[in-house]
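Listed below are the residues making up each chain.
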Amino acid sequence: MALVLECHAAHAQSVTPMRGAVTSFADEFALRITVGNPYPRATYFDVRVYDENFQPIEAIVSPPNLKMPPDETTLVSVRVPFNGGSTRKVRVCAEGMFANANQSGVRTQVCGRYLATHIGPQ
Amino acid sequence: MSIKFVVFTTCTLALFSGAEAFAAGSTANAIFNGQVADTCILAAGNAGTLASSADFTKLASTNAGGSQSTVNATATSNAYSIKTVAPSNFTTGDSSNVAFSTSYSLTGTTSAYQVPGTQGTKLNPGNSVVAVDLNAAKSSGTFPAGAYAAAVTVRCE
């Protein structure tokens, strides 16, 4: 008897995890997310960071731009300052732009939401 | 969500040449564990087409000759919502005095019809197709001749 079990990781323009809470003693906090490419071809994605009102905020994203092979995932690191606050809500979005020859198209945006709490001295 | 596979294997030893036999052998479980990420997945489908109204004051995918843009959305739980964000400008073409709006419909595991883009719709787990419409309206004047292009953001969060 032969038993074959194939296991496939989830591949997609996705952000995992899409919810999270972190605590940090430092003046900034760090997130590590996984971005995936669901397309059968190499595709470019940008990773951008927004506040709870979807305004872009200062953050260090590494790498901020991804050219991903088909069905691959990449780890992305994000560092965000607290800016003096005790908590901060942020969104981290993987964004892809898909357009036809005349630049009409859609921008796909998958966003995770995270809450960071500063437990060190203010 | 966690999926566990359990395969039961049974080994029986039997002695056929004599009177003695072992009725039962040893058993062991070969255990498999798997994990499905809790996430939302978007994959762009077809690009849409804008068509002008007869009086050239509107460019819309809902006008005759226009077509929707599509995006495939997959949710692995019911924690995520879809919405669309209208562009503020054309990427190609004159955007002066133009107001943009979007709407979308969902088919598949989630159904919705002509929802205003600013309104989110919770996705049911599974695959859905998001069909997006874009409407660009001149508040004064008409669209001059030329090429126009715009991109709508489809957001899952």
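Described in the following lines is the structure provided in the data block. (Residues numbered from 1 in each chain as written. Chains lettered and ligands numbered in written order. Predicted model: local features only at pLDDT ≥ 70, side-chain atom pairs only at ≥ 80, totals over all residues. Heavy atoms only, no water.)

**Here's the deal with empty space enclosed by the protein**
By the definition in use, this model includes one cavity of 30 Å³ or more. Lining of the largest cavity is provided by 15 residues; of these, Gly 105 of chain A together with Gly 48, Ser 69, Leu 134 and Ala 150 of chain B occupy positions nearest its centre. When residues of the lining of the largest cavity are traced back to their parent elements, those giving at least two are strand 9 (105-118) of chain A together with strand 11 (126-138) and strand 12 (151-156) of chain B. Looking at the lining of the largest cavity element by element, the count peaks at three residues for strand 11 of chain B. (1 Å grid on protein atoms, 1.4 Å probe; cavity = no way out; pocket = protein on both sides within 12 Å on 5 of 7 lines; lining within 4 Å. Points joined across faces, edges and corners; volume = space filled by probe spheres on them. Helix = DSSP H or I, 4+ residues; strand = E, 2+ residues; numbered from the N terminus.)

**Some points on the state of the cysteines**
For the structure on display, the rule yields two disulfides over all chains. Each disulfide pairs two cysteine sulfurs, and for Cys 93 of chain A the partner residue is Cys 111 of chain A, the sulfurs being separated by 2.1 Å. Torsion about the S-S bond of the Cys 93 of chain A and Cys 111 of chain A cystine: about 110°, corresponding to right-handed handedness. In this pair, Cys 93 of chain A sits in strand 8 (residues 87-99) while Cys 111 of chain A sits in strand 9, placing the two residues 18 residues apart along the sequence. Both residues of the pair, Cys 93 of chain A and Cys 111 of chain A, belong to the buried class. Linked covalently through their sulfurs, Cys 40 of chain B and Cys 156 of chain B form a disulfide whose S-S length is 1.8 Å. Here the disulfide of Cys 40 of chain B and Cys 156 of chain B is right-handed, its torsion about the S-S bond being about 120°. With a gap of 116 residues between them, Cys 40 of chain B in strand 3 (residues 40-44) and Cys 156 of chain B in strand 12 connect regions that are remote in the sequence. Judged by relative accessible area, which is 0%, Cys 156 of chain B ranks as buried. (Disulfide = S-S within 2.5 Å. Buried < 20%, exposed > 50% of the residue type's maximum accessible area, 1.4 Å probe, protein only.)

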